[in-house]
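For reference, the chains in residue letters:
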Amino acid sequence: MYRRQPGADAVRWIDVTHCPAEALGPGLTREAALARLHLRRADGSLVSGAAAFTTLWLNLPRWAWLGRLLGNRPVLWILEPGYRVFLKVRRSWRRAA
């Protein structure tokens, strides 16, 4: 869905299931990349989870408002546990499929 958004061509999308390990960059293993969303900023820093989503949204014009609204530390402190619950629920959905 995000790849089809305006501005998505400025994001380097990597399919972690089929890329060489070097494409993940420093500090990120394939296992970690498969476990949750990660985003590497232009400066090379790595963010994951709810922070990765809000960072991605900031880079997509149609979603930037949501990134600005939810990307601050107090809100991320609330969103991150929700994202972790989602990841657990998602695993059960995948097993059922």
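Quick summary incoming for the structure in this document. Chains are numbered independently. Their residues run from 1 in the order of the written sequence. This being a predicted model, a pLDDT of at least 70 is required before a residue's local features are given, and a value of 80 or more before pairs of side-chain atoms are given or counted; all residues contribute to the totals for chains, interfaces and linings. Hydrogen atoms and water are omitted, and side-chain values are computed over all heavy atoms in the structure.

Stacked, edge-to-face and tilted are the three classes for Phe, Tyr and Trp ring pairs, Trp counted by its six-membered ring, which pair at centre distances within 6.5 Å; planes under 30 degrees apart are stacked, over 60 edge-to-face, the rest tilted. Applying the stated criterion across every chain, the model contains six aromatic pairs. With a centroid separation of 6.0 Å and an interplanar angle of 20°, the aromatic rings of Trp57 and Trp63 are classed as stacked. Among the aromatic residues, ring-to-ring pairing joins Tyr2, Phe53, Trp57, Trp63, Tyr83 and Phe86 into one connected group.

Every patch collects residues that have over 30% relative accessible area and no salt bridge, joining them within 9 Å if they carry like charges and within 5 Å if they are nonpolar side chains (Val, Leu, Ile, Met, Phe, Trp, Tyr). In these tables, accessible area is a Shrake-Rupley quantity obtained with a 1.4 Å probe, and a residue counts as shielded only by the protein chains included in the view. By convention in these notes, a salt bridge is any Lys or Arg side-chain nitrogen within 4 Å of a carboxyl oxygen on Asp or Glu. Together, Val85, Phe86, Val89 and Trp93 give the surface a local cluster of nonpolar side chains, amounting to about 390 Å² of exposed area. Secondary structure elements are taken from DSSP: a helix is a run of H or I of four residues or more, a strand is a run of E of two residues or more, and numbering for both begins at the N terminus. Looking at the secondary structure, you find Trp93 in helix α4 (residues 73-96). Residue burial is assigned from relative accessible area. The probe radius is 1.4 Å, only protein chains are included, and a residue is buried under 20% of its type maximum, exposed over 50%, and partly exposed in between. A residue is classified by how much of its surface remains accessible, and Trp93, at 55% relative accessible area, is exposed.

This part covers the environment of Met1. Mapped onto the fold, Met1 is located in the segment before α1 (30-35). Taking C-alpha positions, Met1 is 22 Å from Ala42, a pair spaced 41 residues apart along the chain.

Before going further, it helps to spend a moment on the environment of Leu79. Along the chain, the position of Leu79 falls in helix α4. Sequence-wise, Leu79 and Ala51 are 28 residues apart; in three dimensions their C-alpha atoms are separated by 8.7 Å. Contacts between residues were defined by any pair of non-hydrogen atoms, one from each residue, lying within 4.5 Å. For Leu79, the contacting residues outside a window of four places in its chain are Ala50 and Leu70.

With that settled, consider the side chain of Thr54. With respect to the secondary-structure elements, Thr54 resides in helix α2 (residues 50-58). Taking relative accessible area as the criterion, Thr54 reaches 3% and is therefore assigned buried. Within the local environment of Thr54, its side chain forms a polar contact with the backbone oxygen of Ala51, the two atoms lying 3.1 Å apart. Think of a polar contact as two N or O atoms within 3.5 Å of one another; within protein, one of them needs to be a possible hydrogen donor and the other a possible acceptor, and neighboring residues in sequence only count if both atoms come from side chains.

Applying the stated criterion to the full structure yields two salt bridges. Here Arg36 makes a salt bridge to Glu80, at a shortest N to O gap of 2.5 Å. Taken together, the positions of Arg36 in the loop between α1 and β1 (38-40) and Glu80 in helix α4 put the pair 44 residues apart, joining distant regions of the chain. Note that Arg84 and Glu80 form a salt bridge whose closest N and O atoms lie 3.3 Å from each other. Here Arg84 pairs with Glu80, and both are found in helix α4, just four residues apart, close to one helical turn. Accessibility expressed as a relative area gives 14% for Glu80, which makes it buried. Beyond isolated ion pairs, a larger network of salt bridges with shared partners links Arg36, Glu80 and Arg84.

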